[in-house]
Amino acid sequence: MSRSFWRAYVPATPNGRAFAVISLVNAIGTGLYLAASAVFFVRSVGLTPAEVGTGLAISGVVGFLTTVPIGAAGDRFGARRTLIALQVWRAGGFALLCLVHGLVGFTLVSCALAAAEAATQPMTQAVASATVAGADRTRTMAIIRTVRNAGFSVGALLAAPLLTADSVWPYRAIVLGTAAAFVLSALMLTRLRLDGADTVQRKVGPLDAVRRFRDWRYGLLTVLNGFLNLHVTILSVGLPLWALKATEMPPGALPFLVLVNTLLSIVLQVPVARIAERPGGAARSLRLGGLALTLCCAALAVSGAPDSAWAAAAVLGLACVLLTFGEMWQATGGWELSYECAPEDHKGVYLSVFSLGGTGQRIVGPALITSVVIAGGPLGWVGLAAAFALAALLVTPVTRLLRTPPPADVAAPVERTAS
């Protein structure tokens, strides 16, 4: 491959490159934890699967409720400072996980972690966007997403030998490794100097800033993007359960579908993101994401028809490819629109509100996919395809609404290029 090909995967600015390395460290730590968390909860914390589900459900609600107030704190104290504090907070939470035993302690620590983790995503976006400006912001965010996907895979591979030991202390070593990754990233963030990430400091308190949020148009964009974010649950829950229940594809082929998604996301995210660099490109990207997810659901609706295992695997593979393109387009469009449409001095609150769409999807999505879509059979997937098509059609009017003057008590947003 040419040098120019690899250069496309390197941020243009020193700050962008530094933040990409920080994101890689974070992702490796997260990948370590995700690969071992289920086993750790049972073998080290001493929980039953039902107790794990209960604790995580409660913590998910806490994360949902605390995201926007923490985002408002980011507006007051600066996104970089807030992100550093969140990384230290997460490191302490993971260290505490090694000390708890039983449902109560697990739930309390999980709630503290959920609050920090839910707020980390919008603060990360605010800091990453402040490293660059204009069109290069889109490419830098795409590179960071690529780096994170690669880091998740590396973390999972690093966890594998410790999981084979099948004893408590190797499991705890994985969790402590995650904590160490967050400490390292916090230290690296202290050396990151950004032009705009720390200059906005408002005297309005976090709760007061939340109460002042009145931009229902941005709320519509949040709901719309959150619905399109269902691709996360389709990949992790819907596709594998449907493949096992309704198709002839052998279970052993399921990991290859996840591998297809991971590899395509790593290789193609940066080229796919270029669509958002043109005027109106962010809205176009979000529409394409909805179209790809519509076709994905249509493919899943017919995937149970073939009697051959190979044919079923081919249709499911096609559905996975369409899902991956839907994921990449949705992510690119969501990044750009959420940032462009947020007022400069309210970035923390607005980006945190926007992240609630993804959080809500993670709460509602599994039940929707399992109890409605899969339970409905092929017609369930057809219905979801129609819903994605409608969401794609709504992107244009929603983004046009965001170009109208802001409502009262909302700071004037930055100039928008959505169409």
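Residues numbered from 1 in each chain as written. Predicted model: local features only at pLDDT ≥ 70, side-chain atom pairs only at ≥ 80, totals over all residues. Heavy atoms only, no water.

- An unreviewed UniProt entry lists the protein under the name MFS transporter, from Streptomyces griseoluteus.
- The record in UniProt for the protein states the following under Subcellular location (unreviewed entry): "Cell membrane". (UniProt positions renumbered as here; feature names shortened; annotations may be inferred.)

1. Some details on the overall build of the protein
- Along its length, the protein carries 15 helices and zero strands.
- A burial count over the protein gives 52% of its 419 residues as buried.
- Sequence separation of 24 or more characterises 86% of the internal contacts of the protein that already satisfy a separation of 6 or more.
- Here the protein displays about 17,800 Å² of accessible surface, and carbon together with sulfur accounts for 70% of that area. (Helix = DSSP H or I, 4+ residues; strand = E, 2+ residues; numbered from the N terminus. Buried < 20%, exposed > 50% of the residue type's maximum accessible area, 1.4 Å probe, protein only. Contact = heavy atoms within 4.5 Å. Areas by Shrake-Rupley, 256 points an atom, 1.4 Å probe, with all protein chains shown as cover.)

2. Examining the pattern of salt bridges
- Applying the stated rule across the entire model yields two salt bridges.
- Glu-327 is the salt-bridge partner of Arg-145, the closest N and O atoms lying 2.4 Å from each other. With a gap of 182 residues between them, Arg-145 in helix α6 (residues 135-165) and Glu-327 in helix α13 (residues 309-340) connect regions that are remote in the sequence. (Salt bridge = Lys/Arg side-chain N within 4 Å of Asp/Glu carboxyl O.)

3. Brief notes about the packing of aromatic side chains
- By the definition in use, this model includes ten aromatic pairs.
- Between Phe-40 and Phe-41, the aromatic rings sit 6.2 Å apart at their centres with planes inclined by 65°, giving edge-to-face as the arrangement. Each of the two residues, Phe-40 as well as Phe-41, counts as buried.
- With 4.9 Å between their ring centres and 65° between their planes, Phe-41 and Phe-106 make a pair best called edge-to-face. Residue Phe-41 is located in helix α2 (residues 14-43), and its partner Phe-106 is located in helix α5 (residues 103-131); the two are separated by 65 residues in the primary sequence.
- For Phe-106, a relative accessible area of 0% corresponds to the buried category.
- Feature note: the residues Tyr-33, Phe-40, Phe-41, Phe-94, Phe-106 and Phe-182 constitute an aromatic cluster, connected by ring pairs. (Phe/Tyr/Trp six-rings, centres within 6.5 Å; stacked < 30°, edge-to-face > 60°.)

4. Comments concerning a nonpolar patch on the surface
- A cluster of nonpolar side chains, contributed by Val-61, Leu-65, Ile-363 and Val-364, occupies part of the molecular surface with about 370 Å² of accessible area.
- Elements that contribute at least two residues to the nonpolar patch include exactly α3 (49-77) and α14 (347-374).
- Checked against the element boundaries, Leu-65 lands in helix α3.
- Residue classification places Leu-65 among the exposed residues on the basis of a relative accessible area of 59%. (Patch = residues over 30% accessible without salt bridge, like charges linked within 9 Å, V, L, I, M, F, W, Y side chains within 5 Å.)

5. Section: the packing of helix α12 (residues 281-302) against helix α15 (residues 378-401)
- Relative orientation of the contacting elements α12 and α15 amounts to 170°, with a least axis distance of 8 Å. Looking at the two axes, α12 sits roughly antiparallel to α15. Here Ala-283, Leu-286, Arg-287, Gly-290, Leu-291, Leu-293, Thr-294, Cys-297, Ala-298, Leu-300 and Ala-301 of α12 lie close against α15, whose contacting residues are Pro-378, Trp-381, Val-382, Leu-384, Ala-385, Phe-388, Ala-389, Ala-392, Val-395, Thr-396 and Thr-399.
- Per-class residue counts for the contact of α12 with α15 are 17 nonpolar, four polar and one charged. (Axes fitted to C-alpha atoms, helices over the stretch in contact; angles between N-to-C directions. Parallel < 35°, antiparallel > 145°, perpendicular 65-115°, else oblique. Nonpolar A, V, L, I, M, F, W, Y, C, P; charged D, E, K, R; others polar.)

6. What to know about α13
- Here α13 spans 46 Å end to end across 32 residues, near enough to the 46 Å set by a 1.5 Å rise per residue.
- Its side-chain oxygen 3.2 Å from the backbone nitrogen of Trp-310, Ser-308 forms the N-cap of α13. (Expected span 1.5 Å × (residues − 1). Polar contact = N/O pair within 3.5 Å; in protein donor to acceptor, adjacent residues only side chain to side chain.)

7. Observations concerning α3
- Taking 1.5 Å as the rise per residue, α3 with 29 residues should run 42 Å; its terminal C-alpha atoms sit 40 Å apart, in good agreement.
- Its axis deflected by about 35° at Thr-66, α3 carries its strongest bend there, up to four residues before the proline Pro-69.
- The set of residues buried in α3 consists of Val-52, Gly-55, Ser-59, Gly-63, Thr-67, Val-68, Ile-70, Gly-71, Ala-72, Ala-73, Gly-74 and Asp-75.
- At the C-terminal side of α3, Gly-78 shows a positive phi close to 105°. (Bend = angle between axes of the 7 residues up to and from the residue.)

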